[in-house]
Each structure stands twice: as structure tokens, then as C-alpha cells.
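Analysis of the macromolecular model
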Amino acid sequence: MLRTALRNVLAHKARLAMTALAIALGVAFVTGTLVFGDTVTQALRGASARSLKDVAVVVQAESRRNSRTEADDTRSTALTGELADKVRTVPGVTSVRATVNGDATLAAKDGRPLNADTGWQNLATNYSPDAPGTDRDSRFPLHAGRGPAADGEMALDRRTAEKAGYAIGDSVRFATTGPTLTKELVGTVDTDDPRVTAGGSLALFDTGTAQRLFLQAGRFDELAVGSAPGTDDQELAGRIRALLPADGITVTSGAQLANEQAAQIAENTKELTRVLLGFAGVALFVGVFIIANTFTMLIAQRSRETALLRAVGASRRQVVRAVLAEAALLGLGASAAGIALGTGIAAAARPLLNAGGAGLPGGPLVVSADALARSVLVGVGITVLAAWLPSRRAARVAPVEALTTVDQSPPPRGTVVRNSVGGLLTGAGVLALLHLSTQRSGSDSNLQTAALGSVLTLTGMIVTAPLLSRPLVRLAGAVTTRLFGVSGKLAKENALRNPRRTAATASALMIGLTLITGLSVTGSSTSAALEEAAVGGLTADYVVSNAGPGLGIDPAFGARVADVPGVAAAAPVASAALGVRGTYATLTGADPQRFAAVSDLTFTSGSLADIGPGRIAVSDKLAEDAGLAKGDTFHGTVGLGRDQELTVVGVYRQTRAVGGAVGTMADVLPHAAGGQFDSILVKAATDRNTGGLDQDIRNALGNSPLLQVQNREQVTKAQSGQVAAVLDMMYGLLGMTVVIGVFGVINTLAMSVFERTREIGLLRAIGLDSKGVKRMVRLESVVISLFGTVLGIGTGIFLAWTCGSLSRASLPHWELVLPWPRLALLLLLGPAIGVLAALWPARRAARLNTLRAIGAQ
């Protein structure tokens, strides 16, 4: 029987080609993910280890603010120069490198801000030569020029200098937390810090300048301690720990810190690997339908052969083993191809991602035995599992069937049980999701209900697909019959001949399109809600703010912006916390008249004009939560101040852009962080073209790299940009499922053409020409693909509508928004897939010799 299985694989290799390709793609997804994850993990570990090379002990200090007042916001640490000198005297210590860390946002040579919206990537530190009298800092190898050694000098990493357009000798503009500063570029360096190579920047200063910019004179953030050969790092760390104060200082051995960083890197990459493996699982799940469909058709075509084996003594168990052995051989061969393809993808992924700015460190390709074993296990296991039910059907073939002809189909089995189970699954899933649509909380229980309801609904749709195929295929067939005559009618009848086969083929497409549609609808709805949250209730054309974390706008800037030609209105905005009756919200402060010119709040009672000293307007949400209404007077706290009496003079519709309440600037600004504005809302004059107004505003305010002047589109993009990027990535990953679904359609049509060889010959004999045969096969493919497309789009929209309601907890204005252009594109994708998938099967059917086809067995 094993020889029979091997012979069957070799004899039907052409019919198994598409199935093998589907398996190979799924395995390639798994292999590529595992190899890429291992490669990136080792590369990041290598970069981390290089940064700690020759470091025996690391002393780190906690950052502290010098004052509790917002006016004195400078940073300090407990790690002083005197403590660093004490560490140098510890026996076994050979070197101590003191480090100062900070952030510096740069301006490019043409004046535009560089990475202004990613302050955490705008790194800055001190350039500390390895030894006195030298100009070499081993952490940052010099690429050109020299290291900074005086107050007016700085260095940049090579990539940043090239991106910003700077050359040695140029004046570089930058800002930390205050006004714009300028220093001469004296050198460029190389670094493999992932935060920089991923698109961030690195600015280097001499130690004294770095302390003045980011800390205080004589203070440090970190000490990297080198030791003499043979020194025990743990013992050395203990001696240094005993020498330093315990408060605010942590002492760790270099080996321990390297292990901690390696563990953190492994955990971070593990999360990425899990996500990618989830998408690989979806691709493999789609492949299951193709494998099961292929073996079902093969077994039906070989029913006479199977019956002969039974007649000469093969038991049912031997027949099952033979089919499963055939599946295992197919899975093994496809897995080998998938591993080769996946390894190639993993090797190409890093350069491609780095070309897009990912900045992954270099290192060898890591192909572990564990990754190979798991890939083979997945490929063979999925194939054997999918072939199990067809093998059971093969075992039920009776020996007497050897006397029948191959093209006689077995009588159809009843589908009552299948339809009943599918109906129950779909009904349970729909009821769970409909209940979920009434919820507004993203709690764990609701998320579990969403996952369970989605799985039940999708599974139920797959199970009931044969039942649904009849009315939908008949509807599509009526169109093909009317437009294409006999070929269209034959295509419809062929699709209806075996509803299970049609449903299995369409389900492979449906799964991918369901997920893509659900993501598209969820993404468009979330983007619309984020846009409403970003600019809802505002009519301002520009928002002026500070990109630095926790930094506000100087109150003097309000008048400067108002004086810019082309500005019709400028409304400074500040904010502070408001506590009322155990409920907390944000109190926005602004001049009511100016704020009215840049906002469009919807008031249910009162108006902005009613706001004044001690009189505020509240949002409908705060009014409901705190039990407030127009005319109420209450005692509340503003910022960290004492209780004060406030009167509600209006209620407006809640918007995230405005906050929970609006008061006068005089009431809010004293309690705002640093006594500064949050932003300035700008309305352009109607006769002024807004082009260039943003740069005029920047110039009026000193054109600091930290300054952000964003139009409405940019403000919205800042809110929803990550959503769009994540969705684009997920579309690409889910696109693999659609590709596998296309192979399923090709496979089904090709095997169907072989199965109907005699029938096609008879059609040719009675007058159907080769063009008609091609058209028939193409239309059958279009009908099947369109059926899967319609089911996928409909199911995806329903899942997005019901599960999307959970977003209302964080996005109150979330509503279902259908992306009609994208949905139309997906709907057109169905017929396009059908035409593409039918190219080879239709050509093969049209080239059949009529007489040989009629005589085929």
C-alpha cells in the first residue's frame, strides 16, 4: 500500500501541483517568520552585547526634578563627579565612562524640523574620549572630522547629517526644551543603535555642554565601569554598591544587564513572531480547504481503483493508511519547498525593511533546527489532517464499485445534519455578536465574546456554504445565461453539480476576504472617529503646539501669531484638571470671543458668550456623570488649587479636542502646567491662500525645531497615522490567504476539467467550439469566485459592525463607516480572480482532442 501511495503521488503530480503550492506558501510563511524572528533576535542581542563590551559594571541614576514648582523644571541625579572619582579608586576598576543622556530635536539645513514628532528617537549624549588627550570614543567610531571638545561644537551620526543636509563646518540648529540653539558641526560618527538606525537622530556634545543642556554641572546619568582581567564582576558590583548611596542609584553587573536586555529583546521579538504566526495560521487554515477538496476529488476519480484494491484483499484500514501516506508524502515535499522559500524570504526581509528605514542591525541568518522541525511538522500535519476525512470516504468504497464506470457519481448524501449544525453555529455566533453590539466596554469578557462570536459565525458560514451556494449561484447563473447563452448556462450547472466542492473552493476565498473586509470597515470607521476626536468641534485651520514631551507654548506667542499677516483669529488654549463631585475632567481655558472664532461646539443649552470668571460650560458627558445642568453652582478643584465655586452656564456635545469643560483663560492659566498654553488655534483669513501661512507662523515664533504648526489634515493624520500603517501591514499579510484561495480555484477547475473530459468531448462533438469551452470554464470560475467574494464581504461587514461597538469606550463618536471605493474594489476582485484562475484550466479544456475525450475512462 505504501508503494501504491508513492505511485499515486508520482502519477498525479500535475493535479497535486496547486495543492503543493498552497501548502508550500503556508509553510514558507511559518518558516520565514521563525527564521526572521531568530535572526532579528540574535542581531539585536549582538548589538546590545557590543554596546556592553568591556563593561563590567553599570551604575545608573534615577532622574529627579530640582523643584516641585513648574518654573524650575531642570533635571538632576544623585550621581556626581565626586562619586565617579570614588568608583575609580575601587580595586579592580580600570576605567569609568560617565554618561549624560538627553533629547535634542534638530532642524534640517533648509529649516524644516527633523523627527519633531518622535522626540524619544532624537537622542543626545556626551562624547567621552576613552582616555585623556585622545579623540576616540569607542562607542561612536568617527566617520569624518573629530569629536566635539568645546561649548560651541557638536557631532551627529552619519545618517542624520546626510538626511538633514549638513556637512562638516555647518551651523546646526536644534532645541532641547527651550529656545533654539546653534552649534558648529565638527564631526560625524557611526552607530548601530536601533533607535537611531530606525530613523531617529543622535547628537553628541562635550561632557560639560551635555550637562548644562540636560542635567547640571557635575552630574551624570550613568557610569560604565571597566575591570581588570580576572576580576569577578559580581564582587566588583558589590564593592561599588557599598560605596554609593542606596537612594536613587542602581548598580548592576555588565553580564546581568546583558542578560536582562537579551531577555527583553527576546520577549519583544516573541510578540512579533506570535502575531506573524497568527497570520500564518490563517493562511494554513485556508490551505486546509484546498487540500481536503483535492483529495476528495482524487478519491472520487479513483473510486474504481480503490474498489479493485478492496476486491483483491485491501482492508479499509489499509486504504486509509495509503491515502494518509500519500498526503504525508505530499506534505513533506511541499514543506521542503516551503522551507527553502521561507528561508529566502527571511534573508530578503531585513534588507527590504532597512531600505524602508527599519534600521535592523546586521548579523548572520539564523536557521535553527527547531524552526525547520516545526515547519515540517506543521506542513505534514496540516496536510494529513486535511486528508483524514477524504481517506475515511475512500475506505467506504465497496469492492462491487469496481464493476461501475469511473464517471458515475455516487448518490448524494443527505445534508440535513450538516445544515442543522451550520445553522446552529451561525445562529449562536450572530446572537452573541448582536448582544455585543449593545455593549460599550472593551472589557476582557466582551473581547472574549467578540472572539467567540466571530469564530462561531465564520465557522457556521463555512459549514452552511453548500446550502447558500444554490440560491447565490443560481442568481449569478441567471446573469451568465442571459449574457453568454449556452456557455453561461453550462457554467451555472457545473457549479451547482457538486455544492460541497463549490462551497469548499469558495470558502478558501471567503475567509481571506472576510478578514480583509472586516479590517477595511473597522479601519475606516476608526479613522473617522479619530478625525472627529482630533478636530471635532474646531474650525481652526492650524494648530500651533510644541513637539517636546510635556512642553507648552510661551504665553507671549499668542500675540505674535495674531499679528501674522493672513491670520484672521488666534485663540490660545490652556488646560488644567477639573474635579467635581468625585468626577475628573479636563478644563479648557480660552478667551470666549476668540475661541468662538475657531470652534463650532454644539450647545444644548447656553453658549460660549455666557462663559466668564467663575462661569464654565460643561460637556454633556460630564454633566451626566457629575449630575450637572445649566444654572447649577458647585464647589470644584482646578489643577492643584483649593475648592472654588463655579457655575454651569452651558452644556455642549462632548468632543475630545475641547475636553470636558470650558472656562476663561484667567481661571485656567494659573493652574496650567508651567503656566503655559497647550496650543494656539489659528483661523486663516478668507482672502488668504493658506499655502505658506504655516511657515510664516513658524518664522514669527523663531522657527524652533520643537514647534509644530499643523493643518487639520496633519492633526488628523497624527491621530490616525498608526492605524493606517498597521492596517496596511495586515492587508499585506492577509493577502497571502487570497493568493492561496486563487490557487484553490485553479486546482478545483483543473481537476474538474480532468473529471469531465468525456463530457467536454461530447459537448465539442455536438457543436460547442473551443471558444465556448473556454468561456464555460471561465464563467464557472467567475461564479465560484463571486460566490466566495459576496459571502466574505457580507460576513466581514457584519463582524466589523458588531465588534466595532467596543471602540465606543475610548471613541464615543465611533460609527460604522463603509469604505465604498475599497468595497467596490473587493467586489470587482471576485470576477477578476475567477478570470485569472481559469486561464490554464480553460486553455487545457479547449485543447482536448474530441475523439480521445469521448473515449476517456
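Look up: the structure comes first, before these words.
**Considerations on unusual backbone geometry**
One non-glycine residue, aspartate 54, lies in positive phi territory at about 65°. Of the residues examined, aspartate 54 reaches a relative accessible area of 66% and is grouped as exposed. Unusually for a residue other than glycine, asparagine 703 sits at a positive phi of about 55°. Position of asparagine 703 among the secondary structure elements: in the loop between helix 21 (693-700) and strand 27 (707-711).

**Examining helix 26 (residues 839-846)**
Those residues of helix 26 that fall on the buried side of the exposure criterion are Pro841, Ala842, Ala845 and Ala846. End-on view of helix 26: buried residues confined to an arc of 130°, all on one side of the axis.

**Digging into the nonpolar core**
Ile740 and Val777 are the most contacted members of the largest nonpolar core, which totals 71 residues. Per element, the largest residue contribution to this core is 12 residues, and it comes from helix 22 (residues 712-755). Discounting chain neighbours no more than four positions away, the residues touching valine 777 are Leu749, Val753, Ala838, Pro841, Ala842 and Ala845. Core analysis: the next-biggest nonpolar cluster, separate from the first, contains 41 residues, Ala56, Val87, Leu185 and Leu244 among them.

**Notes on the pairing of strand 1 (residues 57-61)**
Among the 5 residues that make up strand 1, 4 are buried, leaving the element largely enclosed by the rest of the structure. The pairing of strand 1 with strand 17 (residues 249-253) spans 5 bridges and is antiparallel. Bridge pairing links alanine 61 to isoleucine 249 in strand 17. With 4 bridges connecting them, strand 1 and strand 16 (residues 222-227) associate as antiparallel partners. When the bridges of strand 16 are listed, glutamine 60 appears paired with glutamate 222.

**Comments concerning the sheet that holds strand 5 (residues 93-99)**
Through backbone hydrogen bonds, the strands of a sheet pair up, either in parallel or in antiparallel fashion. With antiparallel pairing, 4 strands are arranged side by side in an open sheet as 5-16-1-17. Both edges of this open sheet fall to strand 5 and strand 17, since each of them pairs with a single strand only. In this sheet, neighbouring strand axes are inclined to one another by 15° on average, regardless of whether the strands run parallel or antiparallel. Bridge analysis of strand 5 against strand 16 gives 6 bridges, and the strand direction is antiparallel. Residue pairing in the sheet places alanine 98 in a bridge with leucine 223 of strand 16. Helix 3 (residues 81-88) contacts strand 5, strand 16 and strand 17 of the sheet and is inclined by roughly 160° relative to strand 5. Contacts from helix 8 (residues 254-301) reach strand 1 and strand 17 within the one sheet, and its direction differs from that of strand 17 by about 90°.

**A word on the packing of aromatic side chains**
The tally for this structure, following the rule as stated, stands at 5 aromatic pairs. Ring geometry for phenylalanine 174 and phenylalanine 205: centres 5.3 Å apart, planes at 45°, overall tilted. Of the two residues, phenylalanine 174 sits in strand 12 (residues 171-175) while phenylalanine 205 sits in strand 14 (residues 201-205), which places them 31 residues apart along the sequence. Here phenylalanine 205 falls in the buried class, since its relative accessible area comes to 0%. An aromatic cluster of at least three residues, connected via ring pairs, comprises Phe174, Phe205 and Phe214.

**A word on the side chain of threonine 426**
Within the secondary structure layout, threonine 426 lies in helix 12 (residues 416-436). At 3.4 Å, the side chain of threonine 426 and the backbone oxygen of glycine 460 are in polar contact. Once residues within four sequence positions are removed from consideration, threonine 426 is found in contact with Leu456, Thr457, Gly460, Met461 and Thr464.

**Describing the pattern of salt bridges**
Using the criterion set out here, one finds 22 salt bridges in the structure. One salt bridge in this structure joins lysine 109 and aspartate 170, with 3.2 Å as the shortest N-O distance. In this pair, lysine 109 is assigned in the loop between strand 7 (105-107) and strand 8 (113-114) and aspartate 170 in the loop between helix 4 (158-164) and strand 12, connecting sequence segments 61 residues apart. According to the relative accessible area criterion, lysine 109 is exposed, its value standing at 52%. Arginine 136 is paired through a salt bridge with aspartate 130; the nearest N and O atoms lie 2.6 Å apart. One continuous salt-bridge network, built from bridges that share partners, spans Arg97, Asp130, Arg136, Asp137 and Arg139.

**A closer look at the packing of helix 13 (residues 444-463) against helix 24 (residues 770-804)**
Helix 24 packs onto helix 13 with a crossing angle of 165° between their chain directions and a minimal axis gap of 11 Å. By the angle class used here, helix 13 and helix 24 are roughly antiparallel. The two elements helix 13 and helix 24 cross, and the hand of that crossing is right-handed. Contacts from Ala450, Ser454, Thr457, Leu458 and Met461 in helix 13 reach Leu791, Thr795, Leu799 and Cys803 in helix 24. A class-by-class count of the residues in the contact of helix 13 with helix 24 yields 6 nonpolar, 3 polar and no charged.

**Remarks on the environment of serine 454**
Structurally, serine 454 can be placed in helix 13. Judged by relative accessible area, serine 454 falls into the buried class, the value being 18%. In this structure the C-alpha to C-alpha distance between serine 454 and cysteine 803, which are 349 residues apart in sequence, comes to 8.5 Å. The residues contacting serine 454, other than those within four sequence positions of it, are Leu433, Leu799 and Cys803.

**So, helix 10 (residues 316-355)**
Between its terminal C-alpha atoms helix 10 stretches 57 Å, which fits the 58 Å expected from 40 residues at 1.5 Å a residue. Taken as a whole, helix 10 carries its principal kink of about 30° at alanine 349; the proline proline 351 stands between one and four residues after it.

**A few points about the pairing of strand 14**
Burial analysis of strand 14 places 5 of its 5 residues in the buried class, which makes it a mostly covered element. Neither face of strand 14 is exposed, since Ser201, Ala203 and Phe205 on one face and Leu202 and Leu204 on the opposite face are all buried. As judged from the 5 bridges shared by strand 9 (residues 122-126) and strand 14, these two strands associate in the parallel manner. For leucine 123, the partnering residue across the bridge sits in strand 14 and is leucine 202. Pairing of strand 11 (residues 153-157) with strand 14, which is carried by 2 bridges, proceeds in the antiparallel orientation. In the sheet register, leucine 156 faces strand 14, and the bridge partner there is alanine 203.

Reading guide: rules and limits
Residues numbered from 1 in each chain as written. Predicted model: local features only at pLDDT ≥ 70, side-chain atom pairs only at ≥ 80, totals over all residues. Heavy atoms only, no water. Buried < 20%, exposed > 50% of the residue type's maximum accessible area, 1.4 Å probe, protein only. Helix = DSSP H or I, 4+ residues; strand = E, 2+ residues; numbered from the N terminus. Arc of directions from axis to C-beta. Core = buried A, V, L, I, M, F, W, Y, C linked by side-chain atoms within 4.5 Å. Contact = heavy atoms within 4.5 Å. Pairing = 2+ DSSP bridges. Axes fitted to C-alpha atoms, helices over the stretch in contact; angles between N-to-C directions. Phe/Tyr/Trp six-rings, centres within 6.5 Å; stacked < 30°, edge-to-face > 60°. Polar contact = N/O pair within 3.5 Å; in protein donor to acceptor, adjacent residues only side chain to side chain. Salt bridge = Lys/Arg side-chain N within 4 Å of Asp/Glu carboxyl O. Parallel < 35°, antiparallel > 145°, perpendicular 65-115°, else oblique. Left-handed = near helix turned anticlockwise from the far one by under 90°. Nonpolar A, V, L, I, M, F, W, Y, C, P; charged D, E, K, R; others polar. Expected span 1.5 Å × (residues − 1). Bend = angle between axes of the 7 residues up to and from the residue.

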